[in-house]
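Listed below, chain by chain, are the residues.
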Amino acid sequence: MTTVSETSYTDSEVAMGNSYEYKVAAVSGDQIGENSTIVSVGVTFTQIQNIQTQKEEGTIVLQWDQVSGAQEYRVYKDGEAITTVSETSYTDTDVTVGEEYEYYVTIVSGNQEGGQSSTATVLAGGEEVGYFGSLEVTPWPEDLSQDMKQYFTQVDFDGDGVPYVFDRYLGRDDAEVDFEEKDGGNFRTMSEELSTWDPQQSTGTASGWVQSKIYNALVQYVPGTTEVMPDLAKAWEVSDDGLTYTFYLRENVEFHNGEEMTSEDVKWSFDRLKDQAYHSPRRQWHVDYIESTEATDDYTFKITLQEPYAPFLTLLTYSSFDVLPKDYCSAREEVVGEPGNQTVEVEWTDNPVGTGPWQYESYELGSKVVLVENEDYYTGEPYLDKLTREFSADPDVIVQSFNAGDIDITGIPSNHWESFLEKEDEGEVEITEYAELATFWLMINCNDTRFQNVTLRRAITMGINRQKVVQDQFKGRYEVANGPLPPTMKFFPEGVHEEDPNSFDLNKSRELLDSIGAVDTDGDGIREYDGEELSFELSSYVSPTWQAGAQVWMSDLEKVGIEMTYEQYDFATILQMGGSGNYEMMTLGWIADYPDPVNFYDNWDGEQIPSVNWARYDDEEVTQWISELRTTSDPDEREQLVQKIEEKLQLEVPHMWFFHSKAYVATYPELNNVRAGGMGFYKEKMVNPWFSD
Amino acid sequence: MVNKEYILKRLGLAVLVMFGVYTIGFTLTFVAPGNPAQAALGQKANKEAVEALEEQWGLNEPLPVQYKNYLINFINLDWGESFRYRGESVTGILASRYPKTMYYAVWSLVFAIVMSIPLGLIAAYKQNTWVDNLSVLVSQVGISIPNFWLGMLIIAILAVWLDLISVVPDVPTGSLWSFPGFFTHVTDYFGIIITLGTALMARNTRMTRSSTLDVLSEEYITMARAKGLKERTVVLKHALRNALIPVVTSIGFNLLLLFGGAVVVETVFGLNGIGKLYIDSIIRRDYPIIIALLLTYTIGVVFVNLIIDISYSVIDPRVQLR
């Protein structure tokens, strides 16, 4: 069929499914040599790759990658061949909205068939089951890798049974939203007053509550969990080295003032966080982790990290990474002062504008804030029409206001626990319990020469009855902490806290004290250690819990020959003592900013002395593990690291672990669908909840 | 009558008082342990952020410089921004709080006066009758009940049980001092007014009663009666006016006491007035607010005292102001 001078030949004129016979002979002038042996080759089918579906009302569009050599494709729907086409796409108009269909495609070559694609399952869209805001409104971002396409196609972030790409109501309760019936209502709450409208200045839950309603970040929590799902970024990609994060932004998302959100706004917001003039208390998160940011086109935003940081996506859920409207904000703020000592005068905080489900209506200083629904929210308007929040921080006032029907939700303080249980029995209220990512502890100053001795720290820990105090004070509502991490934290190794190597045991405590030569030589009932009476002060912030605990522990320790005194300070003083290291033992706790163990482990990271590591615990091994944990993204490896860190900290007790708190919230039965949890109620975007009549 | 020299002298004295209060207040505030920047940023703030904020707020300046700055800024009416409410001006915050506290303080005073003067008067006039016994009972109970307990009782009965009022009055601050808001919002603040006014009412009842008793035994009353004046004229014109002198002069002082009670009442009712602002600002080390509150309150005290002294001479022309 042809003559060539090389010793190879490529035949592209073959049809898949057929087999061909070839033989070769040498040619010299007119002479033809002896034929080679005959080889028989069957042309196999190449598998069709990358079948994708798009939906429009009443139609489903299939698309797949061109296979070279393939002339025709056959489309199967629910197992039956429906048509044969020569293009690489097919539009099926014979679909019923709300029905689910399965498609696959094969290559047809003569009467041979093969190369079957994977099966695509599609829920037909339309009015009832929309797909607004999901990925197929716009095609997949061009640069998104096959793996990530696959991931975003299949994953069902919010567990409502609708895969993410088809989930119009991402994060909402279900696909069938009976809007009219659930629409309306004013949800009234009461809390401490917010301290700032600027999400980059916000550090607490009081301010965080408004920020989570008004703004969106690139990613968000799945309501009620600590899992991350898309928010303003509809998809993302992480480079193999873990350094570059590419975020593909949703299109057609508008700020409350009608301007469209683009990557310029994201970029500006990140730069603003980094700008020293703004003095953001969370600026460090940009400075420490992020190398550079770039808006590569209107809907693509790239972040390059200095080194891999495994929990980076969860970090981005924090309000300091919320996206602000560039044009609106920059026109209303001004940097003043000399370089090096600049501050910013921000004038938009009297009317903050974001992309969130709720928009600012009014704020009366010292009284209340009112937010109204954003009807153009990208996943549809919230059921509720209004959120009001009165400012009063006193738990008793909040409970009484709830009892009087002035507000719709309240936390339940321990002293009201029993009366709420009764009300629950009578069906008057509903109580929801959810774990908080929090640990409270007694912090030991490891800089104190005596407390550098691990055995002494252990002996003291065994000498105090933490169990009893948790039981007595919280009526069994909170969990005794046996180690630093709350067990609901991701990567928490199963069972690591089950046994406390330093559980309450007076005899063992005495033995350990004897073993380090801390004995009572002068007969006053108090042991001497290092030439001094073994005596120290427990300093705490004003709290009946700690006070009651201190009473118990003082007498516990007296029994083993240690003198503990107790003093209460106001919180600002406690913070100063902790920061300066001017204390012996003090009470504090940690509530996660973002749900990753590393956020907790800053407390024992030798590099973080005295910034966050106020116990001044400096252990080379632990510091090394923590730093590995930051950069390791493999879940199994992370869990192993956490296990090692937990075990060592548990044993060496730089802090004496006390309890993991939980949140208990009461609502009236008319309120449905509040999904708080994981990171706390303040992060709930309140898109889902609704009132029944 | 009131003479100018006297007022000038008093104003001069007022400046001295202000200066003293400022010095003591500043020292107590700034020397107390606790770092405002740390308190604002919380436990998790890193050191650089805290230092940046200290610099922004001028906390790294030597104390005498800060002492001078705060004073000069106060006099120039440049009170700066709050440490706790970022971006909010101190004047704005005070303007959102003072109207509330003043509102219920004034109404508590009205409540106390309206209740106590007739009750005290009748009790004295009808001494040892059931009215008198009632007035004694009311004043004893009223004085003995602690504010916080009465407040909790009122919340339990009026707000939770009968559902007549909200626990925390939810009223736009702006409308409190407008017409007709000034009168219509009494119902919203009813619980607070009663709670705060009761003790004052009790004290005033007792005072009115005893001073009326004193006056009624004076010779000029006997004289008036001897002249054949109507009993009504005797009591209302001759006795009441004299009996009221100690009551009226103590009213101003009582108003200041009411502000003191504000801390307790506002905590119980969760109302964000001056009392709670003061406590919160101390806890959060919000220096600009503390200083501004201290000075504005002192101005108020000085001013009210001046009014009281002037009112002496109006009610009782024998009092000479020098």
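Residues numbered from 1 in each chain as written. Chains lettered and ligands numbered in written order. Predicted model: local features only at pLDDT ≥ 70, side-chain atom pairs only at ≥ 80, totals over all residues. Heavy atoms only, no water.

Considering the pairing of strand β19 (residues 300-305) of chain A
Residue and element names in this part refer to chain A. Judged from the 5 bridges that link them, strand β17 (residues 244-249) and β19 form a sheet pairing that is antiparallel. Each bridged residue has a counterpart across the sheet, and for Tyr245 the counterpart in β19 is Ile303. Pairing geometry for strand β18 (residues 290-297) and β19, over 6 bridges, is antiparallel. By the bridge assignment for β19, Asp297 is matched with Thr300. Between β18 and β19, which pair antiparallel one after the other, the connecting turn spans 2 residues. (Pairing = 2+ DSSP bridges. Helix = DSSP H or I, 4+ residues; strand = E, 2+ residues; numbered from the N terminus.)

Regarding the environment of Asp265 of chain A
Residues and elements named next belong to chain A. Assignment of secondary structure puts Asp265 in helix α4 (residues 263-274). Residue Asp265 is classed as buried on the basis of its relative accessible area, which comes to 7%. The sequence separation of Asp265 and Met229 amounts to 36 residues, and the corresponding C-alpha distance is 20 Å. Among residues more than four places away in sequence, those in contact with Asp265 are Phe255, Glu260, Val323, Leu324, Pro325, Lys326 and Asp327. (Buried < 20%, exposed > 50% of the residue type's maximum accessible area, 1.4 Å probe, protein only. Contact = heavy atoms within 4.5 Å.)

A closer look at the domain arrangement of chain A
When its domains are assigned, chain A resolves into domain 1 (52-123), domain 2 (132-373) and domain 3 (435-662). Relative to domain 3 of chain A, the C-alpha centre of domain 1 of chain A lies at a distance of 62 Å. (Domains from an automatic or database assignment.)

Looking at the pattern of salt bridges
Residues and elements named next belong to chain A. Evaluation of the coordinates by the stated rule reveals 29 salt bridges over all chains. The partner of Lys559 in a salt bridge is Asp556, and the shortest N-O contact between them spans 4.0 Å. With Lys559 and Asp556 both in helix α13 (residues 544-560), this residue pair falls 3 residues apart, about one helical turn. Residue classification places Lys559 among the partly exposed positions, given a relative accessible area of 49%. By relative accessible area, Asp556 is classed as buried at 5%. For Asp602, the salt bridge identified is with Arg630, shortest N-O distance 2.9 Å. (Salt bridge = Lys/Arg side-chain N within 4 Å of Asp/Glu carboxyl O.)

Focus on the nonpolar core
By size, the foremost hydrophobic cluster in this structure holds 257 residues, and its most contacted members are Trp64, Phe247, Ile303, Leu316, Trp553 and Tyr601 of chain A. At 11 residues, the largest contribution of residues to this core is made by helix α5 (residues 90-125) of chain B. Val215, Ala224, Val234 and Ala239 of chain B belong to the second-largest nonpolar core, a separate cluster that totals 7 residues. (Core = buried A, V, L, I, M, F, W, Y, C linked by side-chain atoms within 4.5 Å.)

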